[in-house]
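Okay, here's what each chain looks like letter by letter:
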Amino acid sequence: MSELIRLTAAELAATLAAGEVSSVEATQAHLDRIGAVDGDVHAFLNVSDAEALASAAAVDAARAAGETLHPLAGVPIAVKDVVVTKGQVTTAGSKMLEGWVPPYDATLVTRLREAGLPILGKTNMDEFAMGSSTEHSAYGPTRNPWDLGRIPGGSGGGSAAAVAAYEAPLAIGTDTGGSIRQPAAVTGTVGVKPTYGSVSRYGLIALASSLDQAGPCTRTVLDSALLHDVIGGHDPRDSTSLPEAAPSYADAARAGAHGDLKGLRVGVVTELGGEGYEPGVRASFQAALDALTAAGADIVEVTCPSFSAALAAYYLILPSEASSNLAKFDGMRYGLRVEPGEGAATAERVMSATRGAGFGDEVKRRIILGTYALSAGYYDAYYGSAQKVRTLIQRDFAAAFEQVDVLVSPTAPTTAFPFGAKLDDPLAMYLNDVATIPANLAGIPGISLPSGLSDDGLPVGFQILAPARQDARLYGVGAALETLLLDDWGAPLLSRAPKLEVSR
Ligand code: GLN
C-alpha cells in the first residue's frame, strides 16, 4: 500500500507544499486504494477519477508557477452524496434521484474547489440521510472497515468508512441527528457537527432544515479543524448562516494539542450514559475521563432532565420537516418519474406512482409520520409539543454550560452492530442516536473522537459538546484528549483495525 494514503491531511499538505510529492500522485494513490478495497467496503456511490486528477494537475501547475495556495490545496476529499456537485451524479442514496446531475455546486463544494481539494467521488449514505447504518441506502450498504460484517454507522457511513479505510484523507458528512458523529464513533475516526449556521446549507439536499449541518469526517482532530476552516463562514445564500467571522479552528487544534487542561471544567451528562450503554462503551468512556482527570481537568456530573424527551421530540420534528422538504420529489420537476400502470396519467397518479416506487420504506415511514404530526388537529399535540421540548433542551444546555466549559458523553450507546441487527426494528435503530440528537435540537457543536476499543475489539467514540459558536473549544479540548490517548496507545487507534486486503 502506498505510504501516501497513510498520511493525515495535515501531513499530506506539508508533503505537497514541500514539493516532495505532487497532488496528481497523491490523488492517484487514493484512487488506486479505492479501486483495491471499495469492492468490499462500498464507501463510494460514484468515483470521479478524471475530474479529481484534472483538479490535482491544476493545483500542481499552480504550485509550479509559484502561486500562493490554500494550505490544503491538492489534498483529495470525498463528499457525501447528499451534497450537490455540479456535473457529478448526486442521489442522496435514493432511487428518486438515480442518475441526477446537478446544474450547480453547494457552497461548501465551491469552497473545496476554490481551495484546490480534488473531489474523489460521492459517498454512500442512508436514503435522504435517514438512518444509522447505511442499510437504508437504495444502492446497498457500506461495510465497516473494522469488520465487513458490521455497519459503518449512518447516515454518513460512506464518508466515515472511506476515511477509516484510507480511501480518502478527508470527507464531508452531514449531521441532522448524529450522522457525522455516530459513524465516526463506530469506525474509529473523528467527526464534527459544527454549530448550526457555521457551514452553509446551500446545496445540501435538505432532510430537516432546522437540524441539518454539514461538517468534517477525518482521522485526526487537526484535520477536522483544517477542513472546517475551508468550508465554514458566512454565505449570503443561506439565510441561517452565521454572519460573524469564525476564528481559525486549525490554530485552536494546534494550541490544544499540547495545551494545559488544568482548570478545564468537564461535565459528564448523567442522562447520556449508564443504562442502555454497553459496558465496553462505558469502560472506554471512563478511561478517557481518567486521562482528562490526570491531565488536570475537573470532572463533574451535570444533569439535563429534558434529554429524556429528546429522542421523541426529534422523531416528530425531523419527520415533520422531512415530509415538507421531500414533497418536491413528485415526478414533475426532476428526478424519477413513473407513469401509472393503467388509466390516465393525471398529475396525482404520476406523483403517487413515482413516490411509491422511488422512496424506500424508511423514507415513507417518516413522510407518513411527519404528515400526520403536521395535520390539522394534531399539530399542537405533536409538532407543537415537540417544539416546546426543544426549548427545554436548549435551557438544559444553557444551565449546564454555566457550570462547565464542555459536556461529554459516549457518542453512541453501542459499537458497530452486525448487518440486520436493527433493520426490522426502527425504534432500536433510532435509539442509537440518543446521545447525539440533543446537540442538533439545540444547534450546538459536537465532536466525536475515538476513546479506544471496547471489549469486542471495536472502536468507541467520545463526544464533546460546547456552547453555540464555541466550535474552537471543541477543537482545543479534542486535540488535547487525542494527544493524551495517543501517548497511552503509542500509535493511532486505526492502526489496530484488521488490515483490509488489497485486490480481493
Ligand atoms: N440516525 C439519525 C436519523 O436517522 C440521524 C440522521 C442524520 O443525522 N442525518 O435521523
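Look above for the structure.
Residues numbered from 1 in each chain as written. Predicted model: local features only at pLDDT ≥ 70, side-chain atom pairs only at ≥ 80, totals over all residues. Heavy atoms only, no water.

Considering the environment of L500
Note on placement: L500 falls in the segment after α16 (471-489). L500 gets classed as buried once you look at its relative accessible area, which sits at 11%. In sequence terms L500 and G156 are 344 residues apart; their C-alpha atoms lie 20 Å from each other. Each residue touching L500, except ones within four places of it in the same chain, is listed here: R33, V37, V41, P145, L148 and A165. (Helix = DSSP H or I, 4+ residues; strand = E, 2+ residues; numbered from the N terminus. Buried < 20%, exposed > 50% of the residue type's maximum accessible area, 1.4 Å probe, protein only. Contact = heavy atoms within 4.5 Å.)

Focus on the sheet that holds strand β1 (residues 44-47)
Pairing is mixed across the open sheet formed by eleven strands, whose spatial order is β1-β3-β2-β4-β6-β5-β10-β11-β9-β7-β8. Each edge of the sheet is formed by a strand with only one pairing partner; in this case those strands are β1 and β8 (298-302). Strand after strand, the sheet turns through a mean of 25 degrees between neighbouring axes, direction not considered. Alignment of β1 against strand β3 (residues 119-123), held across three bridges, turns out to be antiparallel. Across the sheet, the residue bridging to V47 is G121, located in β3. Contacting β7 (265-269), β8, β9 (406-410), β10 (446-453) and β11 (459-465), helix α9 (residues 279-294) runs over the sheet at an angle of about 55 degrees to β11. (Pairing = 2+ DSSP bridges. Axes fitted to C-alpha atoms, helices over the stretch in contact; angles between N-to-C directions.)

Considering helix α7 (residues 221-231)
Of all eleven residues that make up α7, nine are buried, and the element is covered over most of its length. Burial in α7 covers these residues: V221, D223, S224, A225, L226, L227, H228, V230 and I231. Between the side-chain oxygen of the N-cap and the backbone nitrogen of D223 there are 3.0 Å, and the N-cap of α7 in question is T220. Positive backbone phi, at 105 degrees, marks G233, one or two positions downstream of α7. (Polar contact = N/O pair within 3.5 Å; in protein donor to acceptor, adjacent residues only side chain to side chain.)

Some words on the site of the ligand
In the vicinity of the ligand there are 16 residues, among which T176, G177, S179, Y314 and R366 approach most closely. Within the contact set of the ligand, an oxygen atom lies 2.8 Å away from a backbone nitrogen or oxygen of G131. Here a nitrogen atom of the ligand and a side-chain polar atom of S132 are 2.9 Å apart. Protein contact buries 100% of the 290 Å² of open area that the ligand shows by itself. For the ligand, the cavity whose grid points lie within 2 Å of the majority of its atoms is the second largest cavity. Residue contributions to the shell around the ligand peak at three residues, all from helix α10 (residues 310-325). Its residues placed into classes, the shell around the ligand shows six nonpolar, seven polar and three charged. (Near = heavy atom within 4 Å. Areas by Shrake-Rupley, 256 points an atom, 1.4 Å probe, with all protein chains shown as cover. 1 Å grid on protein atoms, 1.4 Å probe; cavity = no way out; pocket = protein on both sides within 12 Å on 5 of 7 lines; lining within 4 Å. Sits in = over half its atoms within 2 Å of the grid points. Nonpolar A, V, L, I, M, F, W, Y, C, P; charged D, E, K, R; others polar.)

Looking at the layout of surface pockets
Reported here for the largest pocket is a volume of approximately 580 Å³. The wall of the largest pocket is formed by 26 residues, among which T8, R219, T220, E482 and L486 lie closest to the centre. Those elements that provide at least two residues to the lining of the largest pocket are α1 (9-17), α7, α8 (249-257), β10 and α16. Among the elements that make up the lining of the largest pocket, the one with the highest residue count is α16 (six residues). The residue inventory of the lining of the largest pocket, partitioned by class, reads 14 nonpolar, six polar and six charged. (Points joined across faces, edges and corners; volume = space filled by probe spheres on them.)

Focus: the packing of α8 against α16
In the contact formed by α8 and α16, the axes pass within 7 Å of each other and the chain directions differ by 35 degrees. α16 is crossed by α8, and the crossing has right-handed handedness. Along its contact with α8, which presents Y249, A252, A253, G256 and A257, the element α16 presents D471, A472, Y475, G476, A479, A480 and T483. Of the residues assigned to the contact of α8 with α16, the class counts are eight nonpolar, three polar and one charged. (Left-handed = near helix turned anticlockwise from the far one by under 90°.)

Comments concerning a nonpolar patch on the surface
Side chains of Y372, Y378 and Y382 sit close together on the surface and give an oily, nonpolar patch of about 280 Å² of accessible area. Residue position: Y378 is located in the loop between α12 (361-374) and α13 (380-403). (Patch = residues over 30% accessible without salt bridge, like charges linked within 9 Å, V, L, I, M, F, W, Y side chains within 5 Å. Salt bridge = Lys/Arg side-chain N within 4 Å of Asp/Glu carboxyl O.)

Considerations on empty space enclosed by the protein
This structure, assessed with the given rule, holds four cavities of 30 Å³ or more. Its boundaries defined by the atoms lining it, the largest cavity holds a volume of some 130 Å³. Along the wall of the largest cavity there are 13 residues; nearest its centre are R6, Y166, A497, P498 and K499. If you add up the space inside the second largest cavity, you get close to 60 Å³. For the second largest cavity, the lining is made up of 13 residues, of which A129, G131, S179, Y314 and D433 are closest to its centre. Split into classes, the residues belonging to the lining of the second largest cavity amount to four nonpolar, seven polar and two charged.

Brief notes about the pattern of salt bridges
Using the criterion set out here, one finds 13 salt bridges in the structure. Close ionic contact of R150 with D147 constitutes a salt bridge, the shortest N to O distance being 2.9 Å. Its relative accessible area of 30% is what places D147 among the partly exposed residues. Here R181 makes a salt bridge to D175, at a shortest N to O gap of 2.9 Å. Of the two residues, R181 and D175, both sit in the buried class.

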